Amino acid sequence: MSLIRYEPYTLLNQLQKEFFKSTLSDQFIRESVNEDANDVSISHWRPAVDIKEEKDRYVIHADLPGVEAKDIEITMEDGVLTLKGVRANEKTDSREGYKRVERVRGTFSRSFSLPDTADSAKVEAKSKDGVLEIVLPKLEKSQPRRIMVNS
């Protein structure tokens, strides 16, 4: 007789996760959580991404180990920022000695809807040590301004 672990809440947890993804209020964050069917169909893998909002800018960090800067394409169209690229395959035909191969090779693509406060004309990107950093400054008009009260 074998012992089988029973987990009664597996389906409920999966339903809760899908519900959470579909009801996120911030579209910028929602785009980074949901998997776009178009991206999945043309991508072999999806890089992990962190999105951070600061006082005067948004910062996106994407983990792209093994991807050279020349193999990364960043485009902006109609308020959507898209990262595309390729992690080249190693030139080895033999897999002798490998017990497991988990590092994915091939193309990747991620798209993000930008908030209205992002200045798409001043986007900057740099890659260092396998991490791509994209900086999206906020528009000047969206910066909070303190108004002095005269007495």
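Note: the structure precedes this text.
Residues numbered from 1 in each chain as written. Predicted model: local features only at pLDDT ≥ 70, side-chain atom pairs only at ≥ 80, totals over all residues. Heavy atoms only, no water.

Section: the overall build of the protein chain
Helix and strand counts for the protein chain stand at 3 helices and 7 strands. Taken across its 151 residues, the protein chain has 25% of its residues classed as buried. Pairs at least 24 apart in sequence give 54% of the contacts found in the protein chain among residues at least 6 apart. Total accessible area computed for the protein chain in this model is approximately 12,000 Å², and 50% of it derives from carbon and sulfur atoms. (Helix = DSSP H or I, 4+ residues; strand = E, 2+ residues; numbered from the N terminus. Buried < 20%, exposed > 50% of the residue type's maximum accessible area, 1.4 Å probe, protein only. Contact = heavy atoms within 4.5 Å. Areas by Shrake-Rupley, 256 points an atom, 1.4 Å probe, with all protein chains shown as cover.)

Focus: the pattern of salt bridges
A complete count under the given rule lists 7 salt bridges for this structure. With a closest N to O distance of 3.9 Å, Asp 119 and Lys 122 form a salt bridge. One salt bridge connects Glu 133 with Lys 126, and the closest N-O pair in it is separated by 3.8 Å. For Lys 126, a relative accessible area of 54% gives the class exposed. Sharing partners across several salt bridges, the network here consists of Lys 52, Glu 54 and Arg 57. (Salt bridge = Lys/Arg side-chain N within 4 Å of Asp/Glu carboxyl O.)

Let's talk about the environment of Leu 81
Along the polypeptide, Leu 81 turns up in strand 4 (residues 80-87). C-alpha separation for the pair Leu 81 and Phe 112, spaced 31 residues apart in sequence, amounts to 5.2 Å.

Considering the packing of aromatic side chains
All chains considered together, the criterion is met by 1 aromatic pair. With a centroid separation of 5.0 Å and an interplanar angle of 55 degrees, the aromatic rings of Trp 45 and Phe 108 are classed as tilted. Of this pair, Trp 45 sits in the loop between helix 3 (37-42) and strand 1 (49-53) while Phe 108 sits in strand 5 (residues 106-113), and the two are 63 residues apart along the sequence. Here the two residues Trp 45 and Phe 108 agree in accessibility, since each one is buried. Above the face of the Trp 45 ring, Arg 87 is positioned so that its terminal group lies 4.0 Å from the ring centre. Across the ring face of Tyr 58, the terminal group of Lys 138 is positioned such that the distance to the ring centre comes to 5.1 Å. (Phe/Tyr/Trp six-rings, centres within 6.5 Å; stacked < 30°, edge-to-face > 60°. Lys NZ or Arg CZ within 6 Å of the ring centre and 35° of its normal.)

Re the sheet that holds strand 5
Strand pairing in a sheet takes place through backbone hydrogen bonds and is either antiparallel or parallel in direction. Ordered in space as 3-4-5, the 3 strands form an open sheet in which the pairing is antiparallel. Lying at the two open borders of the sheet, with one neighbouring strand each, are strand 3 (72-77) and strand 5. Taking each pair of neighbouring strands and ignoring which way they run, the sheet shows an average axis angle of 15 degrees. Two elements, strand 4 and strand 5, share 8 bridges in a ladder whose sense is antiparallel. By the bridge assignment for strand 5, Gly 85 is matched with Phe 108. (Pairing = 2+ DSSP bridges. Axes fitted to C-alpha atoms, helices over the stretch in contact; angles between N-to-C directions.)

The quantities given are spatial measurements derived from coordinates; they are silent on function.
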